[in-house]
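Breakdown of the fold
What follows is each chain in one-letter form.
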Amino acid sequence: MEVTKSYDIPKQMVWKAYQQVRANRGSAGVDGQSLKDFERDLSGNLYKLWNRMCSGSYFPPPVKQVGIPKKQGGTRFLGVPTVADRIAQTVVKLYLEPKWDTLFHPDSYGYRPKRSAKEAIAVTRKRCWQYDWVVEFDIKGAFDNIDHELLMKAVRKHTSESWMILYLERWLTAPRVNSSGETIACTQGVPQGGVISPLLMNLFMHYAFDRWMQTTQPRNPFARYADDAVIHCVSEKQARWLLSALGRRLKDCRLSLHPVKSKVVYCKDGKRRGRHDNVQFTFLGYTFRPRCAKGKDGVLFTSFLPAVSDGAKKQMRSRIRQWKIHRWTAWSLDDIARATNAVMQGWWNYYGSFYPAAMRDVYNYFDRKLMQWARRKYRNLKGGLVGSYRWLKRVADHLPNLFVSWRLFGIPTAR
């Protein structure tokens, strides 16, 4: 006997959602089922998921909680759904994202189609030249502290489909399972790592921040990427008042400003003669501060510009260190290039977009690791550090395109 379906969800949507999850890969959830395991009975697993979603009997399993270290210390917890649950969340996202995205503010850049962090950096750079002051703020545990009641109020305003509301509520309240196997109830927040979470974050911040700014402070442009944002102001007095008002606004939305990471910054350059304790801020991996620049006439001057942050460079050097290139003595330079160039190019694609010279020391660090590799591989190489430098320089002269670093900055430096 055929069971009547409560909700009309086309099978094609489930298939499309699976294809997106497959493209994004990802690790197993609490059930330990990998994507490869799921695909062993692909048609059966997709049919089961579709059948349960259509009947209203789909209940998401607990979310696997994984801790990762924060840049500034401490631990950030990611929530990893199962493969099947990622597909289910993607089904709802495919319906909601095209509709909700039209609501969002043009200066919201995070997790949106055809928008990027680099666009946010570019528009912020331009506005720092136009406005003397910036409010840099950080929301304390934004993903972890989103209020479910307020979020669902916004969801119901923009969603009429009862099955989507049903599953969104179930995803929000799905428990977490930590590394010790302990089950933790969820009463607030959206799990970082969930497919639907960034879209829900954007909807919440649309009302908590974007609309509030548009309504009450229309003359103060901003750029927001998820819970990371900066606001531009014409004076220090206005910036300090706005930071205080923002704190009250977020408190009304049951969020709070980070007391240390939220501050007023003076966009100091060669023409702005004022003094202030804070003349730099970091946004999306770029540090904005006074830097030397060259005008069209070739004359040097001081401008307020973004460049890769010290924290981002530290992370990149740490990744290079973790490769332990000096131990790859069984490999050739071609092998090392094939193993590392994709990552090195990815770093350049993002951090090389603004003030690219700041990336040089990261690539110089990589070259020093290559010199260390050469000294271990070729025991008869004379001259120690200087000898390995000269050897690597000869190779770079002969094969200047072998490594991304050589293509970008030429042959290695002697430092």
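Structure report, in brief. Not measured: the values here are computed from a predicted model. (Residues numbered from 1 in each chain as written. Predicted model: local features only at pLDDT ≥ 70, side-chain atom pairs only at ≥ 80, totals over all residues. Heavy atoms only, no water.)

Taking 1.5 Å of rise per residue, the 19 residues of helix α12 (residues 333-351) would be expected to cover 27 Å, and the 25 Å separating its terminal C-alpha atoms lies within 8% of that figure. Along its length, α12 reaches its greatest deviation from straightness, about 45 degrees, at T340. Considered for burial, the residues of α12 that qualify are L333, I336, A337, T340, N341, M344, W347, W348, Y350 and Y351. (Helix = DSSP H or I, 4+ residues; strand = E, 2+ residues; numbered from the N terminus. Expected span 1.5 Å × (residues − 1). Bend = angle between axes of the 7 residues up to and from the residue. Buried < 20%, exposed > 50% of the residue type's maximum accessible area, 1.4 Å probe, protein only.)

Moving on: the side chain of D210. On the secondary structure map, D210 appears in helix α9 (residues 197-216). Residues within four places of D210 in sequence aside, it is in contact with H105, S108, M205, F222 and R224. (Contact = heavy atoms within 4.5 Å.)

Moving on: the nonpolar core. Among the nonpolar cores identified, the biggest contains 71 residues, and I87 and F137 are the most heavily contacted of them. Ranked by the residues each element gives to this core, the list is headed by α9, at ten residues. Ignoring anything within four residues of it in the chain, the contact list for I87 reads V14, A17, Y18, V21, F38, L46 and L49. Counting 54 residues, the second largest nonpolar core, distinct from the first, contains I325, Y363, F366 and W391. (Core = buried A, V, L, I, M, F, W, Y, C linked by side-chain atoms within 4.5 Å.)

Another point: the sheet that holds strand β9 (residues 281-283). With antiparallel pairing, the three strands of this open sheet are ordered in space as β9-β10-β11. Each end of this open sheet is capped by a strand with a single partner; those strands are β9 and β11 (300-308). Taking each pair of neighbouring strands and ignoring which way they run, the sheet shows an average axis angle of 50 degrees. In this sheet, strand β10 (residues 286-294) lies alongside β9 in antiparallel orientation, the contact comprising three bridges. In the sheet register, T282 faces β10, and the bridge partner there is T287. With respect to the sheet, helix α5 (residues 117-130) is in contact with β9, β10 and β11, its orientation differing from that of β11 by roughly 150 degrees. (Pairing = 2+ DSSP bridges. Axes fitted to C-alpha atoms, helices over the stretch in contact; angles between N-to-C directions.)

Looking now at a positive patch on the surface. Residues K324, R327, R376 and R379 make up a contiguous surface patch of positive charge. Following the sequence through the fold, K324 ends up in the loop between α11 (310-323) and α12. Given a relative accessible area of 34%, K324 falls into the partly exposed group. (Patch = residues over 30% accessible without salt bridge, like charges linked within 9 Å, V, L, I, M, F, W, Y side chains within 5 Å. Areas by Shrake-Rupley, 256 points an atom, 1.4 Å probe, with all protein chains shown as cover. Salt bridge = Lys/Arg side-chain N within 4 Å of Asp/Glu carboxyl O. Lys, Arg positive; Asp, Glu negative; His and termini not counted. Charge placed at Lys NZ, Arg CZ, Asp CG, Glu CD.)

On to the pairing of strand β7 (residues 228-233). Of all six residues in β7, five are buried; the element is thus mostly enclosed. One ladder, built from six bridges, connects strand β3 (residues 133-138) with β7; its direction is antiparallel. Along β7, the bridge assignment pairs D138 with D228. Examined bridge by bridge, strand β6 (residues 222-225) and β7 share four bridges and lie antiparallel to one another. Across the sheet, R224 pairs through a bridge with A229, a residue of β7.

This brings us to the packing of aromatic side chains. Going through the model one piece at a time under the given rule, you end up with 27 aromatic pairs. An angle of 55 degrees between the planes, with centres 6.4 Å apart, marks the rings of W348 and Y363 as tilted. With W348 in helix α12 and Y363 in helix α13 (residues 360-377), the pair connects residues that are 15 residues apart, well separated along the chain. Comparing W348 with Y363, the two get one shared label, buried. (Phe/Tyr/Trp six-rings, centres within 6.5 Å; stacked < 30°, edge-to-face > 60°.)

The subject of this paragraph is unusual backbone geometry. In the Ramachandran plot, Y111 falls in the positive-phi region, its phi being about 55 degrees despite a non-glycine side chain. On the secondary structure map, Y111 appears in the loop between α4 (83-101) and α5. The exposure class of Y111 is partly exposed, given its relative accessible area of 41%. With a phi angle near 55 degrees, L284 is a residue other than glycine that sits in the positive phi range. As for its position among the elements, L284 is in the loop between β9 and β10.

This next bit is on the sheet that holds β6. The sheet built from four strands is open, its strands ordered β6-β7-β3-β8 with antiparallel pairing. Each of the sheet's edge strands pairs with one partner strand only, and the pair in question is β6 and β8 (263-266). Between one strand and the next, the sheet's axes are offset by a mean angle of 20 degrees, whatever the strand orientation. Seen against the sheet, α9 touches β3, β6 and β7 and runs at an angle of roughly 170 degrees to β6.

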